[in-house]
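# Examination of the molecular architecture
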Amino acid sequence: MNGTVVVLLGPPGSGKGTQAQRLVEVLGTPHVSSGDLFRHHLSEDTDLGQLAKSYMEKGELVPDDVTVKMVMERISRPDCEEGVILDGFPRTLTQAEALKGALSGRGQEVTVVPLIRVGDEEVVRRLTARRVCKECGAVYNLAFNPPEEEGECDVCGGDLYQREDDNPETVQHRLYTYYKETSPLIGYYFAQDRLVEVDGEQPVEQVSEELLEAIHEAKRAS
Ligand code: AMP
């Protein structure tokens, strides 16, 4: 098969973004995060950003048609020809089917779907203490991975902020949305023999190691 397509599955706060950034360094394939794409549109105040805003603020999913269009445009660019690490997409069965169709059109398929398991309490604990760098997107956690200087990014010195949807009420609703809309993908990819479960409550390095192992194993088998 041509290219490695990794779909990172797991609840909000399971570390998909952090792990994707680490995988990029090893695999060299781009990291495409639908949440980051929406936040970019939001910061540029595009029509899509305006539309996505109300859903994101409530912790609900942006409708499938616009989400699929945005992500498909991104992964059709030349840098994704050799593969991609998808984070936060697909989040519904409709999106998963759209991805399958688009990949098959270019002779590709999903290689592996690591499911990063993290309990609900841990999700709430992590997200409410999460801070993100405005400049470079580096992610911190005030509880277990704080920046050296309060409010300042260790990497680039940029200001840290709390995502609007990381407040306790919205986090609860995002979890609900995950179970309702996204968890059916677990069965969907299990049935296609693509699912590999990883314990997301282990140290970050251990999770990365297990993810890499799963990806290499899947590549060997494909
Ligand atoms: P994330 O950064 O992945 O937690 O995404 C932040 C928010 O963006 C979500 O709560 C949704 O409102 C929206 N979003 C991100 N990815 C998707 C997707 N695949 N489908 C629908 N909405 C999404």
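Residues numbered from 1 in each chain as written. Predicted model: local features only at pLDDT ≥ 70, side-chain atom pairs only at ≥ 80, totals over all residues. Heavy atoms only, no water.

## So, the site of the ligand
The cut-off we apply is this: Working definition: residue near molecule or strand if any one of its non-hydrogen atoms lies within 4 Å of it. What qualifies as a polar contact is a pair of N or O atoms within 3.5 Å, subject to a donor-acceptor requirement within protein and to the restriction that residues adjacent in sequence count only when both atoms come from side chains. The accessible surface values rely on the Shrake-Rupley method and a 1.4 Å probe; as for residues, cover is taken only from the protein chains in view. In the scheme used here, Gly and all other residues not listed as nonpolar or charged are polar, with Ala, Val, Leu, Ile, Met, Phe, Trp, Tyr, Cys and Pro taken as nonpolar and Asp, Glu, Lys and Arg as charged.
Surrounding the ligand, one finds 16 residues, the nearest of these being Ser 34, Arg 39, Glu 60, Gly 88 and Gln 95. For the ligand, a nitrogen atom lies 3.0 Å from a polar atom in the backbone of Val 62. At 3.1 Å, a side-chain N or O of Arg 163 approaches an oxygen atom of the ligand. Burial of the ligand by the protein chains amounts to 95% of its free accessible area of 480 Å². For the shell around the ligand, a count of residues per class yields five nonpolar, five polar and six charged.

## A closer look at the side chain of Asp 166
What counts is decided by this rule: Every helix listed is a DSSP run of H or I at least four residues long, and every strand listed is a run of E at least two residues long, numbered separately from the N terminus. Contact criterion: two residues are considered in contact whenever any of their non-hydrogen atoms come within 4.5 Å of each other.
As for its position among the elements, Asp 166 is in the loop between β7 (160–161) and α7 (168–182). Side chain to side chain, Asp 166 and Arg 174 meet in a polar contact 2.9 Å long. Sequence-distant contacts of Asp 166, defined by excluding residues within four places in its chain, comprise Leu 127, Thr 128, Arg 130, Val 171 and Arg 174.

## A closer look at the pairing of strand β5 (residues 130–133)
Spelled out, the test is: Here the term buried applies to any residue with accessible area under 20% of the maximum for its type, exposed to any over 50%, and partly exposed to those in between, with areas from a 1.4 Å probe on protein chains only. Pairing between two strands requires that DSSP report at least two bridges joining them.
Residues Arg 130 and Val 132 point to one face of β5 and Arg 131 and Cys 133 to the other, with burial holding for every one of them. The sheet contact formed by β5 and strand β6 (residues 139–141) spans three bridges and is antiparallel. The residue of β6 that forms the bridge with Arg 131 is Tyr 140. Sheet analysis places β5 next to β7, joined by two bridges and oriented antiparallel. Each residue of the ladder has a partner; that of Val 132, found in β7, is Tyr 161.

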